[in-house]
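Topology and contacts: notes
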Amino acid sequence: MESETLKALARGWTTNDWPTISCPTCTRGELAPDDQHPLTWEESWESRDWRKHDHWEPDWIRGQFHGALVCDRTQCREYVTITGDWRLVEQRDDENRWDGDQYEPLFTPRFILPALRLLSAAPRLEIPAPIEQRLQAASTVLWADPSSAGNRVRAAAEALLDDLNIPRTTTASTGRTQRLSAHDRIAKFRTAGHPDEADLLEAVKWIGNDASHDDSLSVADVLDGVELLEHALRLLYDTRPATLKQRATRINQQRGTRPRPQSTDQQPSPLP
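Residues numbered from 1 in each chain as written. Predicted model: local features only at pLDDT ≥ 70, side-chain atom pairs only at ≥ 80, totals over all residues. Heavy atoms only, no water.

**Let's talk about the environment of Ile-127**
Relative to the helices and strands, Ile-127 resides in the loop between β6 (98–113) and α3 (129–141). Under the relative-accessibility criterion, Ile-127 is labelled buried at 14%. Those residues in contact with Ile-127 that sit more than four places away from it in its chain are Leu-119, Glu-132 and Leu-233. (Helix = DSSP H or I, 4+ residues; strand = E, 2+ residues; numbered from the N terminus. Buried < 20%, exposed > 50% of the residue type's maximum accessible area, 1.4 Å probe, protein only. Contact = heavy atoms within 4.5 Å.)

**What about a negative patch on the surface?**
Negative charge collects at one region of the surface, where Asp-145, Asp-210, Asp-214 and Asp-215 lie side by side. Note on placement: Asp-215 falls in the loop between α6 (195–213) and α7 (219–237). Given a relative accessible area of 75%, Asp-215 falls into the exposed group. (Patch = residues over 30% accessible without salt bridge, like charges linked within 9 Å, V, L, I, M, F, W, Y side chains within 5 Å. Areas by Shrake-Rupley, 256 points an atom, 1.4 Å probe, with all protein chains shown as cover. Salt bridge = Lys/Arg side-chain N within 4 Å of Asp/Glu carboxyl O. Lys, Arg positive; Asp, Glu negative; His and termini not counted. Charge placed at Lys NZ, Arg CZ, Asp CG, Glu CD.)

**Quick notes on the pairing of strand β4 (residues 62–71)**
Extensive coverage of β4 is indicated by the burial of seven of its 10 residues. Across three bridges, strand β2 (residues 30–33) lies against β4 in antiparallel orientation. Residue pairing for β4: Leu-31 is matched across the bridge by Cys-71. Pairing geometry for strand β3 (residues 40–43) and β4, over four bridges, is antiparallel. Directly across from Trp-41, in β4, lies its bridge partner Phe-65. (Pairing = 2+ DSSP bridges.)

**Quick word on the packing of aromatic side chains**
Applying the stated rule across the entire model yields seven aromatic pairs. Ring centres of Trp-41 and Phe-107 lie 5.1 Å apart, and the angle between their planes is 70°; this geometry places the pair in the edge-to-face category. One end of the pair, Trp-41, is in strand β3; the other, Phe-107, is in strand β6, and 66 residues separate them in sequence. Since its relative accessible area comes to 35%, Trp-41 is described here as partly exposed. Put simply, the rings of Trp-13, Trp-18, Trp-41, Phe-65, Trp-86 and Phe-107 pair up and form one aromatic cluster. (Phe/Tyr/Trp six-rings, centres within 6.5 Å; stacked < 30°, edge-to-face > 60°.)

It is worth stressing that arrangement in space is one thing and function is another; only the former is reported here.
Okay, structure coming up:
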């Protein structure tokens, strides 16, 4: 899943620990730091000022970085700009031990362009354009404003309900048209025979609510919502299970990969 890779990216990486990320353009190649445009980082003014403190330690050092990533696929070679924050952390060995005097920079992104994909590329998962558009909008602001991205993921969930023809309004007893809340729409979806998918969308809705009411939503929180939404999309739109079932039925009926000649009980006619 792309969201798992992006969670690793959100936790930060060191110069020797770059996560494997799919190219947002061709989806087949992988992004890697570009040797011709290496990551460049500078210490911030505030960090330099902290050096005057009596109890200063090297892990107080931090600042901003910028650089480029390039798709490793020859037919693509997409160029992706990345900027963000860095700070010094203890350098540990393969057994997570620190020798006491080695540090290395840890990078966390704040802006990536073109925006990275939030969903895994799946040829049999034909997602309606309005949902894709909202997820793309979420990805654009994910690193700089996770709460805003969370709202866009919730909007993608509502676009899914639109595509499934779950009404946005109802007629009250007074005859007036009333707008249905996302919760009410999900309830209608559940009673229409989709309890599992409705539970997933309800969780996405709650994450979106948190995004609307405070600014504490993290990148990982948003990606949790994306994973839940992606699972609902696979349950509803992924054609692979039905295709595999049809293939299994055909093979079983044929008793193999090729049709077998029908047997006959008729005996050959005797020679004259």
